[in-house]
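# Remarks on the overall topology
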Amino acid sequence: MSGAELAALLERRGFDFAAGVPCSLIEDLIAALERDPRGRYVAAPREDAAVGLAGGAWLAGRRPAVLMQNSGLGTSLNALASFSLMYGLPALLVVTWRGFQGKDAPEHILTGQITPSLLELLGIPHRVLARDSIAADLDWARREMDTLMQPVALVIPPGVLETGHGSAAGGGGPGETRGSGLRGIPGHRMLERGVGSVVEPGPPPPAADPTPRPAAADEQHARQTPQSLRPVISRREAIAEAVKQLGDEPLIHANGYICRESFSVADRPQNFYMIGSMGLASAIGLGVALARPARRAVVFDGDGNLLMNLGVVGTVGALAPKNFVHLVFDNEVYGSTGNQASPSRAVRLDRIARAAGYRTAAAVTAPDEVGAALRAALATDGPHFVLVKVTTGEADVPRIPHTPHAIRDRFRAAVQAP
Ligand SMILES: Cc1ncc(C[n+]2csc(CCOP(=O)(O)OP(=O)(O)O)c2C)c(N)n1
């Protein structure tokens, strides 16, 4: 079967969003999805980010598929366990089976041996796709994921799908690196608008014309913006200032005390509290933003969380969703686990976002700046990044009392409300 035929079968079953990391065994399928002018395939930096993107898209009303090599099962184990399975988020996992029957490059052999057992351990129902039963297998998968409200997997051994380079077994050959990048990506906006005490000026290079910024301008920016900013307010104060600006926007929180402090400021049905997977909030928020382009989606992130899945910053920059607003409460520590130093004390995260292609990247320290930065971000096209420097120390706040399913259901209803 060709990738285009499988893409058509998926579409007929209502799959309208896909995220993944390529494998040569499904290069033909990914090529077909990339050709779709609706831009429904998102090239994720890692498989766990793809799981986050798919979960966000499902919460916002889409029917998602996640495409990955079986090696990506390892990468996404925690996202599957403490996000998809814990909250009960349906998704079709299309997992290629490298190392099938022990015949493959050495790096695939062990993972190939344990692929079905990994899925069984996780409690993810799965079928091995066979040429003569693909339509029935897809029907089964769709039914199961909707009935069980969780991910299910179709495992694809070599030889079931056509591949562009002739060798179904792949072997890490040229097909592994032949990806043509994202399609349907809106071009970066050249307009710069920033708020707050420190704003990185100057337009990002447009996607189609990656002209580097002049070195002299970069040097000038570096002189104007100190490497470190002195935090003066606590994270809870900063969150309270930010929440004042919100209407009914979906708000996705990073795990840890960010969730708990935000809950103590205002519990909203539009709040998604990530109580599990560290590092996944930005991917979930991006999935929501892409699935609901008419609404702003806001992420409250932490510096440790952001750095754990920093590749998502590149995906945001490349896709440039206008409705994506990313606030990072940067206390320069892993506060939730006892204030161990995070790399952000030496690294300006707003500069990373700016270089990645966010339309604006502000860095703020004062309460009024937090409010002004978010107000501007909600009023103008993004993607926007706001680095909020905050002091260490947590407020004495309770755990989130809602069950994961309750968080899911009320968030989903609120996001999909007209
Ligand atoms: C995969 C994983 N590793 C480690 C942890 C433990 N953990 C929970 S929150 C957290 C710190 C998050 O840091 P940051 O995003 O900076 O937020 P802060 O706690 O400082 O508010 C860590 C390390 C975890 N939950 N998951």
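Residues numbered from 1 in each chain as written. Predicted model: local features only at pLDDT ≥ 70, side-chain atom pairs only at ≥ 80, totals over all residues. Heavy atoms only, no water.

### Section: unusual backbone geometry
- Between Gly382 and Pro383 the backbone carries a cis peptide bond, its omega angle lying at 10°.
- Locating Pro383 in the fold gives a position in the loop between helix H15 (367-379) and strand S15 (384-389).
- With a phi close to 55°, Met149 is a non-glycine residue in the positive phi region.
- Looking at the secondary structure, you find Met149 in the loop between helix H7 (134-148) and strand S6 (151-156).
- Although it is not a glycine, Glu332 adopts a positive phi angle of roughly 65°.
- Its place among the elements puts Glu332 in the loop between strand S11 (324-330) and strand S12 (333-334).
- Using a relative accessible area of 15% as the deciding quantity, one classes Glu332 as buried. (Helix = DSSP H or I, 4+ residues; strand = E, 2+ residues; numbered from the N terminus. Buried < 20%, exposed > 50% of the residue type's maximum accessible area, 1.4 Å probe, protein only.)

### Concerning the packing of aromatic side chains
- Counting across every chain of the model gives nine aromatic pairs.
- Both rings, one in Phe83 and one in Tyr87, keep their centres 5.9 Å apart while their planes meet at 65°; by these two values the pair is edge-to-face. Remark: Tyr87 and Phe83 occur in helix H5 (residues 77-87); sequence separation between them is four residues, near one turn of the helix.
- Measuring from centroid to centroid gives 5.5 Å for Phe272 and Phe411, while their planes differ by 65°, and the two rings are edge-to-face. Residue Phe272 is found in strand S9 (residues 271-273), and its partner Phe411 is found in helix H16 (residues 404-416); the two are separated by 139 residues along the sequence. Phe411 carries the same exposure label as Phe272, and that label is buried.
- Aromatic rings pair up to connect Phe83, Tyr87, Phe272 and Phe411 into one cluster. (Phe/Tyr/Trp six-rings, centres within 6.5 Å; stacked < 30°, edge-to-face > 60°.)

### Regarding the sheet that holds strand S1 (residues 17-20)
- Read from one edge of the open sheet, six strands run S2-S1-S3-S4-S6-S5, paired in parallel fashion. Among the strands making up the open sheet, the edge pair consists of strand S2 (41-43) and strand S5 (126-128). Neighbour to neighbour, the strand axes of the sheet diverge by 20° on average, direction disregarded.
- Packing of helix H3 (residues 47-59) onto the sheet brings it into contact with S1, S2 and strand S3 (64-69), and relative to S3 it is tilted by some 175°. (Pairing = 2+ DSSP bridges. Axes fitted to C-alpha atoms, helices over the stretch in contact; angles between N-to-C directions. Contact = heavy atoms within 4.5 Å.)

### Considerations on the site of the ligand
- Taken together, 16 residues sit near the ligand, with Arg235, Gly304, Asn305, Gly335 and Ser336 positioned nearest.
- Residue Asn331 places a side-chain N or O atom 2.9 Å away from an oxygen atom belonging to the ligand.
- If you list the elements that add at least two residues to the shell around the ligand, you get helix H12 (303-308) and S12.
- Considering every element that reaches the shell around the ligand, the biggest residue donor is H12, with four residues.
- Considering only residue class, the shell around the ligand consists of five nonpolar, nine polar and two charged. (Near = heavy atom within 4 Å. Polar contact = N/O pair within 3.5 Å; in protein donor to acceptor, adjacent residues only side chain to side chain. Nonpolar A, V, L, I, M, F, W, Y, C, P; charged D, E, K, R; others polar.)

### Some thoughts on the pattern of salt bridges
- Using the criterion set out here, one finds 17 salt bridges in the structure.
- When the shortest N-O distance is used, the salt bridge between Asp248 and Arg295 registers 3.8 Å. Within this pair, whereas Asp248 is found in the loop between helix H9 (235-244) and strand S8 (251-253), its partner Arg295 is found in the loop between helix H11 (281-291) and strand S10 (297-302), the two being separated by 47 residues in sequence.
- The class for Arg295 is buried, based on a relative accessible area of 16%. (Salt bridge = Lys/Arg side-chain N within 4 Å of Asp/Glu carboxyl O.)

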